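# Structure assessment
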Amino acid sequence: MEEIQAPDRRQIAPGRNEGRRVRTLRAKAALMAALAALVVGALLTVGCGGSSNDATGPSGGSAHAAGEKKLKIMFVGHGAPSGDPAVQVVLNGFKAGLRTFNAEGEYRGPHNTGFNAADIAKLMDQALATRPDGLVLTDPTPPGLNAKIKQIVDSGIPVVITNLGAGQARATGALTAVVNDEVSNGKAAGDRLRAAGVQHPLLMTIPPGIPVADERNKGFLDAFPAGSVIKLEVPLANLNNPVAVSKALQASLAKHPEADGVLSVGELFNAPMLTARGTLGDRANQMHWATIDVGPQVVTALKARQMDFAVDSQHYLEGFLPVQFLAFYIRYGLVPPLPDTLVGPQFVTSDNVDKMDAAIKAGVRGS
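First things first, this report covers the structure right here in the doc. (Residues numbered from 1 in each chain as written. Predicted model: local features only at pLDDT ≥ 70, side-chain atom pairs only at ≥ 80, totals over all residues. Heavy atoms only, no water.)

## Observations regarding the packing of helix α8 (residues 242-255) against helix α9 (residues 270-277)
The following threshold applies: To get an axis, a line is fitted to the C-alpha atoms, and for a helix only the part in contact is used. The angle between two axes follows their N-to-C directions and goes from 0 to 180 degrees. Numbering of helices and strands runs from the N terminus; a helix is a DSSP stretch of H or I covering at least four residues, while a strand is a stretch of E covering at least two. Convention used here: angles under 35 degrees read as roughly parallel, angles over 145 as roughly antiparallel, angles from 65 to 115 as roughly perpendicular, and any remaining angle as oblique. Crossings are assigned a handedness: left-handed for a near helix turned anticlockwise from the far helix by less than a right angle, right-handed for a clockwise turn. Here a residue-residue contact requires only that any non-hydrogen atoms of the pair lie within 4.5 Å. In this classification, the charged set is Asp, Glu, Lys and Arg, the nonpolar set is Ala, Val, Leu, Ile, Met, Phe, Trp, Tyr, Cys and Pro, and all remaining amino acids, among them Gly, are polar.
It is the contact of α8 with α9, at a shortest axis distance of 8 Å, that shows an interaxial angle of 50°. Here α8 lies oblique to α9, going by the angle between them. Considering how the two elements wind past one another, α8 and α9 form a crossing that is right-handed. Between α8 and α9, the residues in contact are Pro 242, Val 245, Ser 246, Leu 249 and Gln 250 and Pro 272, Met 273, Thr 275 and Ala 276, respectively. Here the residues of the contact of α8 with α9 sort into six nonpolar, three polar and no charged.

## Description of the sheet that holds strand β10 (residues 288-292)
By way of backbone hydrogen bonds, the strands of a sheet pair with one another, either parallel or antiparallel. As a reminder, the rule being used: Two strands form a pair only when DSSP identifies at least two bridges running between them.
Ordered in space as β8-β7-β9-β10-β11-β13, the six strands form an open sheet in which the pairing is mixed. Bordering the open sheet on either side are β8 (230-233) and β13 (346-349), each of which pairs with just one other strand. Strand-to-strand twist across the sheet, computed as the mean angle between neighbouring axes with direction ignored, equals 20°. Bridge count between strand β7 (residues 201-205) and strand β9 (residues 261-264): four bridges; the pairing is parallel. Looking at β9, one finds that Leu 202 is bridged to Val 262. In this fold helix α7 (residues 211-222) packs onto β7, β9 and β10, with an angle of close to 170° to the strand it touches most, β7. Relative to β7, α8 is tilted by about 155°, and along the sheet it contacts β7, β8, β9 and β10.

## Notes on the environment of Thr 100
The following threshold applies: For every residue, the accessible area obtained with a 1.4 Å probe (protein chains only) is divided by the maximum for its type, and the residue is called buried under 20%, exposed over 50%, and partly exposed between those limits. Whenever a nitrogen or oxygen atom comes within 3.5 Å of another N or O atom, the pair is scored as a polar contact, on the condition that within protein one atom can donate a hydrogen and the other can accept it, and that pairs from neighbouring residues in sequence are kept only if both atoms are in side chains.
Here Thr 100 is to be found in helix α2 (residues 85-100). The exposure class assigned to Thr 100 is buried, which follows from its relative accessible area of 2%. Engagement of the side chain of Thr 100 in a polar contact is seen with the backbone oxygen of Ala 96, the distance being 2.8 Å.

Written out as structure tokens, the structure reads:
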């Protein structure tokens, strides 16, 4: 697959290139260790019953010393525990990490994917009541959640931020944030559509205020001349209503006949986007279609050449790596080398999507 090199988001003083190189190598070593653990898990399958650690995907092998105390690691996120394919891939990685590193725990999230800081803070309190050894947390709204996360860290419980919360590890005291550079994700998608000849893309997104979407939007807008992008902002209340989202897209495309491409900024938009595509007849085949995040409908569409590409954020690693980092820190005092541990992105196209089938079926990629 074609890789996109995401920029280093750290602030590094001039003249310290060697230190930056060493830290980058350490970060790569941490990722390689995680991938090695995945290989171990695939080869050394262990049976799991009906515990909260069950998951589709590679079974975790032993990556801990005999007789070592089992850790409790809780995960609190903004995504619904069922119904959101991207969240499911993150959870597959989390549960495999629990098995691999001799830990137990569970995920707690809202019934519907949402970004209400007060609701997420309550879920954090509930997770704390279980007396965990460590916490994995998403940070979708830093102004509303950072003080709470810092309070948790100051109480002595180590935290790893994941999925959403790039750049927030230093502000909260978390060990690291396992994330993507979302500005780069958006810019890469925009550059690729523009290279395909798109001049007036329609951007399917949400209203300003959620950093992950804001950053993807910024990167995408930076790839096109000012005023050339058509924005469709779907209210947060409609995120879990695919019929409403599809109708909104159809109406926007009817209003803007100049639109020659569509980008969805997230997994929840993909099915409605493809439904709308199916109503356009010949016009659909004259347009370019793309998304950030890979889901089951996207895989089918890529195979049928109904989409140009998807930007894969490698969500499995956003579940697996936090458990590894917490286990190594709690047991051995090993600290992740970077405040942001970047895990993506990659392009998935019709030419390479077949290579993903095994990983998709294993729950490691895409759906």
